[in-house]
Amino acid sequence: GLGTFATNGHIVVPATFKLIAGSNYQLDDSYVTVKTTSLTAKTVCAQFKCKVSAVNANGAALADTDIIGTGCTVQQKNAAGTVIKEVSVVITGDVTGDGVITATDSIALRNVLKSQNVFTGAFLEAADLNEDNTMSTLDYVQMISTIKN
């Protein structure tokens, strides 16, 4: 749990790590899933009820204007700056982690489907474009369609 801590004799409970009402993002214990590309870190973080920040796959802080991609992490910290809750970002279709869906993503997905590479974690989630909980050529066809449109 998030726990509590005392400040000047008062008990402070960190704000709940949940999405704001009306958000079209999906949140579970591991991932925040977004179906829109080219989003800034500020835009994604604004979808949370509590104060959060974003870091890239290497753990470096993202500026508000940086594009957020699959594999980045959204973190909630306590007053001491310790991370108390975090989830990986999944941008559906962004299997390369750059925040957009391009031919590079389709090549990466094709290579995985041909068993030349493997996706894990957030990248595997991002590869399931049709949301059937499996990665297949159907996802590849949907990705090609997305890129063409």
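Each remark here, short or long, concerns the structure printed above.
Remember, it's a predicted structure, so these values are computed and weren't measured experimentally. (Residues numbered from 1 in each chain as written. Predicted model: local features only at pLDDT ≥ 70, side-chain atom pairs only at ≥ 80, totals over all residues. Heavy atoms only, no water.)

Novice: Help me understand the pairing of strand S7 (residues 83-91), please; the structure alone is not making it clear to me.
Specialist: Bridge count between strand S4 (residues 31-34) and S7: 4 bridges; the pairing is parallel. Among the inter-strand pairings, Val32 is bridged to a residue of S7, identified as Val89. Both strand S6 (residues 73-77) and S7 contribute to a ladder of 5 bridges, which runs antiparallel. Each residue of the ladder has a partner; that of Gln75, found in S7, is Glu86. Here S6 folds back onto S7, and the loop between the two strands holds 5 residues, one of which, Gly81, carries a positive phi near 90°. (Pairing = 2+ DSSP bridges. Helix = DSSP H or I, 4+ residues; strand = E, 2+ residues; numbered from the N terminus.)

Novice: What am I meant to see in unusual backbone geometry here?
Specialist: Residues other than glycine predominantly adopt negative phi, and peptide bonds predominantly adopt the trans conformation. For Glu131, which is not a glycine, the phi torsion comes out positive at approximately 55°. Inspection of the secondary structure puts Glu131 in the loop between helix H3 (121-127) and helix H4 (137-148).

Novice: Hey, could you run me through the packing of aromatic side chains in this one?
Specialist: Two aromatic rings, taken as a pair, are described by how far apart their centres are and by the angle between their planes. With the rule as written, the count across this model stands at 1 aromatic pair. Both rings, one in Phe17 and one in Phe48, keep their centres 5.1 Å apart while their planes meet at 45°; by these two values the pair is tilted. Of this pair, Phe17 sits in the loop between strand S2 (10-12) and strand S3 (26-27) while Phe48 sits in the loop between helix H1 (41-45) and strand S5 (53-55), and the two are 31 residues apart along the sequence. Side by side, Phe17 and Phe48 carry an identical accessibility label, which is buried. (Phe/Tyr/Trp six-rings, centres within 6.5 Å; stacked < 30°, edge-to-face > 60°. Buried < 20%, exposed > 50% of the residue type's maximum accessible area, 1.4 Å probe, protein only.)

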